[in-house]
Amino acid sequence: MNNQPSKPYKRHTVTAALPYANGPIHVGHLAGVYVPADIYVRYLRLKGEDVIYICGSDEHGVPITIKARQEGVSPQQIVDKYHHLIKKSFKEFGISFDVYSRTSAPVHHETAASIFKTMFEKGAFIEKDSEQYYDEENKQFLADRYITGTCPHCGYEKAYGDQCENCGTSLSPDELINPRSMLSGNKPVLKKTRHWYLPLNDHEPMLRQWILESHKNDWKPNVYGQCKSWIDQGLQPRAVTRDLDWGVKLPLEGTEGKVLYVWFDAPIGYISATREWGEAHGKDWEKYWKDPESKLVHFIGKDNIVFHCIIFPVMLHAEGSYILPENVPANEFLNLEGDKISTSRNWAVWLHEYLQDFPGKQDVLRYVLCAAAPETKDNDFTWKDFQARNNNELLAIFGNFVNRTLVLTHKYFDGRVPKAGQLTDADREALESLKLFPDIIGKNIEQYRFREALAQMMNLARLGNRYLTEAEPWKIYKENPGRVQTVLNICLKLCAGMALLSEPFLPNTAKKLQQMLNLKARAWNEAGQTELLAPGHQINEAELLFEKIEDAQIKAQVNKLLEIRKNNNQEQVTESVKAPVNFDEFSKMDIRVATILEAEKVAKTKKLMKIRVDSGLDQRTVVSGIAEHFEPEALIGKKVLLLANLEPRKIKGIESHGMLLMAGNKDGALAFVIPEEGFENGSVIS
RNA sequence: GGCGGGGUAGCUCAGGUGGUUAGAGCGUCGGAUUCAUAACCCGAAGGUCACGGGUUCAACUCCCGUCCCCGCUACCA
């Protein structure tokens, strides 16, 4: 990460991951992607660089069509709702996109279709036919999520084609017993369909050279390692089309009902957004994507590494005229109060709610999220930490130094910048240190070390506090007002430096401070210079930059989360009640007491145990997913309940005849279920 | 199970081609101070650098093994 190639770039193309338009933005998104990217581009702008910051809503894909169905509205209505909510909250929060577009925009459909077409004409795809479930009444192929049926594992009747919500198992549609189309309720039929695949494997030499060799030292370890892992495991062709009516239509004859797979069209959204910006501002957008002197950087979360480091670059490379990203600084995940953030479980701090609950405190959240950004490993957001960082750092160190300086300037010199006299060693030291900060902070930002950059920015304020305290102007004013002039002159210079250097991190605070100092906006490199404020310059009234956040406010937020946690636990209980069965259905089950004779772990699995049982009728082999909970030796001789007439099934090459019945609690622990006294093998449960 | 990332003070994190007393911020405790939103400033306590082996004159830093957390992946009848 340290050896930045010193290639000179003429311009910067910075993208932030497109938020999926099926929910609002939360602190995890901000800390991982939008805040770091925003700091980066604000810094580049202050350096006078040519930079464009691109984002937009990702609005295609099956989950949005599902959500639309559930709510009885069109997919467009869903994405409209979230697109506007997201766009508005970003704007209010101060994420300074040059353009925030959306993938349902006509310019995106055109761009994505055209890129597909170019690739198609260059022979970048392979075509393959396969059989997929089709709803004859609605005349359409069914996405995995649109097929429902009985879960082959737990018997839950409303399992989806990709996952059973009851037992959490991931499925494929052909595993479902008695599959039904969610559109018509009919039994779907298998029908042949044609799809286009991107042969990622053909591009392996390019990826090896580009990532493994030329970016070995400047990509983050998590990103580089993940890419290496994927490349070494061998890449597979990946379908780029789907049978769906929500998305970018294929620009080929005779392909009605087919759209680009969402992962293919989404990253192209960066390009179409740039095009939209270029057309609106009369700028040549293509330079930002095609000129090798443009530096392309993708800010994303770790879940997106493969798309931005492998798949999208392969697309760009196959298209032929595009540049590849110079870096992809992916962050890890942010947890909330110890638990994973979850949109569906409402376990999140939502940006639009934060903006309501803490009006005018955008910079506080920016500060906290940057200081605790998950740069090298997952991190935890807590309200207590939020409060502490505001009260003990922003307010006590940054705000306090500015306030002390301005109050003293007004008190002694009527708000006019005093003239510096003879400099002492301490004075010179302070000014020398100030000069170093633009470079120190800037270098850290350029290397995507935002936490360290922010800490350095705060060190400038610490330096100011120490200098001021040691100089003690309030003590010496009477006998030596000339000395006080020099001290405050230097303190004001430090404040002026802070007013510029804090801008990428705390843009609203920086602006406020610049207004208080009556300072015109300057370039980044001027921050270290000492003549920003001329003697005699009139400054404005001192206002507080930050206010204390009281315990009550924090308590309210914590309580809100506790309430959500409580609701989630209750919902889990009610949701897991299965559909009613009648007695006949129940009596089909042949459940018997059995004894475990042998048990061994199945090789190369985490959960599977191969178990030999005596069922009273016979001895048989059962494969059971309990290996995480028990040691094989501990099982031998144990009495268990056996579902004896479950259809045999091969698991990992082993034929399993039946199923062991276990009790499982909400923590995921398992326990045996057996008769109280030693009933003999074969005893029937009814 | 495979692959990747991580495991360093109460909390959030730095660090090192191996080399004297392992660093910072916040928190805690003590002192000093009053210009300042009980804030600032000074000082202290606090770490077997996940665990076990090995290489070495010397390892937190290199090698092997184990455990734990996160992600991808296989798998869950």
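Look up: the structure comes first, before these words.
How each quantity is defined
Residues numbered from 1 in each chain as written. Chains lettered and ligands numbered in written order. Predicted model: local features only at pLDDT ≥ 70, side-chain atom pairs only at ≥ 80, totals over all residues. Heavy atoms only, no water. Pairing = 2+ DSSP bridges. Helix = DSSP H or I, 4+ residues; strand = E, 2+ residues; numbered from the N terminus. Buried < 20%, exposed > 50% of the residue type's maximum accessible area, 1.4 Å probe, protein only. Right-handed = clockwise from strand over helix to strand, strands pointing away. Core = buried A, V, L, I, M, F, W, Y, C linked by side-chain atoms within 4.5 Å. Contact = heavy atoms within 4.5 Å. Axes fitted to C-alpha atoms, helices over the stretch in contact; angles between N-to-C directions. Left-handed = near helix turned anticlockwise from the far one by under 90°. Nonpolar A, V, L, I, M, F, W, Y, C, P; charged D, E, K, R; others polar. Parallel < 35°, antiparallel > 145°, perpendicular 65-115°, else oblique.

Another point: the sheet that holds strand β4 (residues 126-135). Taken together, the four strands give an open sheet; going across it, the order is β5-β4-β9-β10, and neighbouring strands pair in antiparallel fashion. Bordering the open sheet on either side are β5 (140-141) and β10 (237-239), each of which pairs with just one other strand.

With respect to burial, strand β2 (residues 50-57) is a largely interior element, seven of its eight residues being buried. As paired elements, strand β1 (residues 11-16) and β2 share five bridges and run parallel to each other. By the bridge assignment, Thr-13 is partnered in β2 with Ile-52. Running through helix α1 (residues 27-46), the crossover from β1 to the neighbouring parallel element β2 is right-handed. Bridge count for β2 against strand β3 (residues 99-102) is four bridges, and the pairing is parallel. Residue pairing in the sheet places Cys-55 in a bridge with Tyr-100 of β3.

Here the focus is the nonpolar core. Of all hydrophobic cores here, the largest spans 170 residues; its most connected members are Tyr-34, Phe-386 and Leu-517. Those residues in contact with Phe-386 that lie beyond four places of it in its chain are Tyr-354, Phe-358, Val-364, Leu-365, Val-368, Phe-381, Ile-549 and Ile-554.

Below, the discussion takes up the packing of helix α5 (residues 204-213) against helix α9 (residues 305-319). Running from N to C, α5 and α9 point in directions that differ by 115°, and their axes come no closer than 11 Å. As for how α5 packs across α9, the hand of that crossing is right-handed. Listed contacts from α9 to Met-206, Leu-207, Trp-210 and Ile-211 of α5 are Cys-309, Ile-310, Pro-313, Val-314 and His-317. Among the residues forming the contact of α5 with α9, the class breakdown is eight nonpolar, one polar and no charged.

One open sheet accounts for four strands, arranged β3-β2-β1-β13; its pairing is parallel. This sheet does not close on itself; its edge strands, each paired only once, are β3 and β13 (294-299). Sheet twist, expressed as the average angle between the axes of neighbouring strands with direction ignored, equals 20°. Sitting on the sheet, α1 is in contact with β1, β2 and β13, with an inclination near 155° to β2.

Below, the discussion takes up the packing of helix α13 (residues 425-446) against helix α14 (residues 450-471). It is the contact of α13 with α14, at a shortest axis distance of 9 Å, that shows an interaxial angle of 170°. On the basis of the axis angle, α13 is roughly antiparallel to α14. In this structure, α13 contributes Ala-426, Asp-427, Ala-430, Ser-433, Leu-434, Phe-437, Ile-440, Ile-441, Asn-444 and Ile-445 to the contact, and α14 contributes Phe-450, Glu-452, Ala-453, Gln-456, Met-457, Asn-459, Leu-460, Leu-463 and Tyr-467. Tallied by class, the residues present in the contact of α13 with α14 amount to 13 nonpolar, four polar and two charged.

In this structure, Asn-346 takes a positive phi of about 60° despite not being glycine. If you trace the backbone, Asn-346 turns up in the loop between β15 (339-340) and α10 (351-357). Among the residues examined, Asn-346 registers a relative accessible area of 33% and is labelled partly exposed. Phi at Tyr-448 takes a positive value of approximately 65°, unusual for a residue other than glycine.

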